[in-house]
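Summary of the model geometry
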Amino acid sequence: MTAPILAAATALVLGVTASVAAAETVTWRFNNNYAPTRPESAHIRTFAENVEANSGGDFTINVIEGGGMNLKDADALRWMQTGTPEIAFIWPTFIGRDAPDLASLYVYGSVSTAEEHLRALPAVEEALTQGFAERNIPVVGFMALPMIDASLFCREPVKTLDELKTKKLRVGSREQVETFTALGVAAQIVPQNELYSALQTGVVDCALYAARFAKSISLQEVAKHAVYTGFPFPPAPYAIVAHKATLESLSAENRAALDKALATLKEESFQFDGDAEAEAAARAALSEEGVTWYDDFSEEDVAAIRDAAADTWLKLSEEGGETAVGYRAKIIELIGQ
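Not measured: the values here are computed from a predicted model.

Cut-off values and rules
- Residues numbered from 1 in each chain as written.
- Predicted model: local features only at pLDDT ≥ 70, side-chain atom pairs only at ≥ 80, totals over all residues.
- Heavy atoms only, no water.
- Helix = DSSP H or I, 4+ residues; strand = E, 2+ residues; numbered from the N terminus.
- Contact = heavy atoms within 4.5 Å.
- Areas by Shrake-Rupley, 256 points an atom, 1.4 Å probe, with all protein chains shown as cover.
- Lys, Arg positive; Asp, Glu negative; His and termini not counted.
- Charge placed at Lys NZ, Arg CZ, Asp CG, Glu CD.
- Phe/Tyr/Trp six-rings, centres within 6.5 Å; stacked < 30°, edge-to-face > 60°.
- Buried < 20%, exposed > 50% of the residue type's maximum accessible area, 1.4 Å probe, protein only.
- Lys NZ or Arg CZ within 6 Å of the ring centre and 35° of its normal.
- Pairing = 2+ DSSP bridges.
- Right-handed = clockwise from strand over helix to strand, strands pointing away.
- Disulfide = S-S within 2.5 Å.
- Axes fitted to C-alpha atoms, helices over the stretch in contact; angles between N-to-C directions.
- Salt bridge = Lys/Arg side-chain N within 4 Å of Asp/Glu carboxyl O.
- Nonpolar A, V, L, I, M, F, W, Y, C, P; charged D, E, K, R; others polar.
- pLDDT = per-residue confidence, 0-100.

**Some thoughts on the overall build of the chain**
From N to C terminus, the chain includes 14 helices and 11 strands. Once the C-alpha set of the chain is aligned to its principal axes, its extents read approximately 95 × 45 × 35 Å. A separation of at least 24 residues holds for 77% of the contacts in the chain among residues at least 6 apart in sequence. A total accessible area of about 15100 Å² is found for the chain, and carbon and sulfur atoms account for 53% of it. Taking the average place of the 27 positive charges on the side chains of the chain and the average place of its 47 negative ones, the gap between the two points comes to 5 Å.

Here you go:
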């Protein structure tokens, strides 16, 4: 082989090798509409670091936080079909318009402890995996929502459900409106970014909110009276979803790196042992800023909320169709074991 031909052949081989290497180097975008201070955001940043480490730098995930991609949560089933972003997490409650069968896998008042939630989890994950697959969106993993207690923060003292019936209550979702309306409470949805002003001006008297996040919107400045309602917010896990064609284009090595990082994410996020301590610390910090905490709602009030929530759950499941009713039945069976 002459020198020119040898040189050309060598260049061709090197070029092919470089092309293959380049093809194995992948960058994805992860849409995260939550603020960087949320615990979920910290989990996702660690997940992205693990993907890069597992792949030896061949697979990078850029996490775009705080709504930086300008994608609405309610539209998640639509933008996940486009390939932009390549990966994201979706909380089922947000997608009621497009997936009513998935939006009400839990409602506020469905479960009261991490133990109940963990018993129900296999049925919840099965429903999410099946439901997203039917919409051509693969679920690649799960991330836990912490067991976040739902408390009432009020402008004036409210210690019982009867006292709450004389107030205007802010909630964050339709199922909460339905449950509290059934209990005789005037409930309305107020967006989080409008909540401070709504309390300050008396548009609402109380807000169903989490002590762990109250200071992030300075809630303690306008609602200095608080009581725990007896239930966490619906702890349905976040489904980690990927764009189908993009996922299928991954090399075996990069898919293995992704799956390993997802397994770590699930293991670490589904640790609820520190939630009680985090809640206690949040309440103590709010107390230092002038919030008065009253005794938790009574057993009678908690039972009334659970009964109303059960009716709401059935109603919303029936709206979601036969499949949603089936999901609910399986989850209730596991909760009761």
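**So, the packing of aromatic side chains**
Using the criterion set out here, one finds 13 aromatic pairs in the structure. Between the aromatic rings of W28 and F59, the centroid separation amounts to 5.0 Å while the plane-to-plane angle is 80°, which identifies the pairing as edge-to-face. Remark: F59 occurs in strand β2 (residues 59-64) and W28 occurs in strand β1 (residues 26-31); sequence separation between them is 31 residues. Taken as a pair, W28 and F59 share a single burial class, namely buried. The lysine or arginine in question, R38, covers the ring of Y34, its NZ or CZ lying 4.3 Å from the ring centre. K266 extends its terminal NZ or CZ atom over the ring of F270, reaching a point 5.9 Å from the ring centre.

**A few points about the pairing of strand β6 (residues 168-171)**
Here β6 pairs with strand β7 (residues 186-189) via four bridges, running parallel. Counterpart to K168 in the pairing with β7 is A186. For the crossover that starts at β6, traverses helix α7 (residues 174-182) and ends in the parallel β7, the hand is right-handed. The pairing of β6 with strand β8 (residues 206-209) spans two bridges and is parallel.

**Description of the state of the cysteines**
Inspection of the entire model under this criterion finds one disulfide. Here C154 pairs with C206 through a disulfide, and the sulfurs are 2.1 Å apart. Given an S-S torsion of about 115°, the disulfide between C154 and C206 has right-handed geometry. Remark: C206 occurs in strand β8 and C154 occurs in strand β5 (residues 149-154); sequence separation between them is 52 residues. C154 gets classed as buried once you look at its relative accessible area, which sits at 1%. By relative accessible area, which is 1% here, C206 ends up buried.

**Comments concerning the sheet that holds strand β11 (residues 292-293)**
Across the sheet, which stays open at both edges, the six strands sit in the order β7-β6-β8-β5-β9-β11 with mixed pairing between neighbours. Every interior strand has two partners, whereas the edge strands, β7 and β11, have only one. Taken strand by strand, α7 contacts β6, β7 and β8, and its axis lies near 175° from that of β7. Its contacts with the sheet place helix α12 (residues 275-288) against β5, β9 (225-232) and β11, and it is angled at close to 15° to β5.

**With respect to the pattern of salt bridges**
For the structure shown, the criterion picks out 21 salt bridges. Across the salt bridge formed by E86 and R29, the nearest N and O atoms sit 2.7 Å from each other. Of the two residues, E86 is situated in the loop between α3 (76-79) and β3 (87-90) and R29 in strand β1; the sequence distance between them amounts to 57 residues. The exposure class assigned to R29 is partly exposed, which follows from its relative accessible area of 29%. Counted as one network, the salt bridges with shared partners bring together D75, R78, R97 and D98.

**Brief notes about the packing of helix α13 (residues 299-320) against helix α14 (residues 322-335)**
Where α13 contacts α14, the axes come no closer than 7 Å and their chain directions differ by 145°. Along its contact with α13, which presents A310, W313, L314, S317, E318 and G320, the element α14 presents A324, V325, R328, I331, I332 and I335. Class assignment of the residues belonging to the contact of α13 with α14 gives a composition of eight nonpolar, two polar and two charged.

**Concerning the confidence of the model for the chain**
Per-residue confidence for the chain averages 91 on the pLDDT scale, and 93% of its residues sit at or above 70. Every residue in residues 4-23 is under pLDDT 50, and counting partners more than four places away or in other chains gives one contact.

**Considerations on the sheet that holds β3**
Sheet strands line up and pair through hydrogen bonds in the backbone, either parallel or antiparallel. The sheet built from five strands is open, its strands ordered β2-β1-β3-β10-β4 with mixed pairing. In this open sheet, the two edge strands, each paired with only one partner strand, are β2 and β4 (139-143). Taking each pair of neighbouring strands and ignoring which way they run, the sheet shows an average axis angle of 25°. The sheet contact formed by β1 and β3 spans two bridges and is parallel. Paired with N31 across the bridge in β3 is A88. Helix α5 (residues 114-133) contacts β3, β4 and β10 (238-242) of the sheet and is inclined by roughly 145° relative to β4. The strands touched by helix α11 (residues 252-269) within the sheet are β1, β2, β3, β4 and β10, with β4 carrying the most contacts at an inclination of about 25°.

**A word on the environment of V222**
Within the fold, V222 resides in the loop between α9 (211-214) and β9. In sequence terms V222 and C154 are 68 residues apart; their C-alpha atoms lie 8.0 Å from each other. Every residue in contact with V222, bar those within four places of it in the chain, is listed here: R155, Y196, L199 and Q200.

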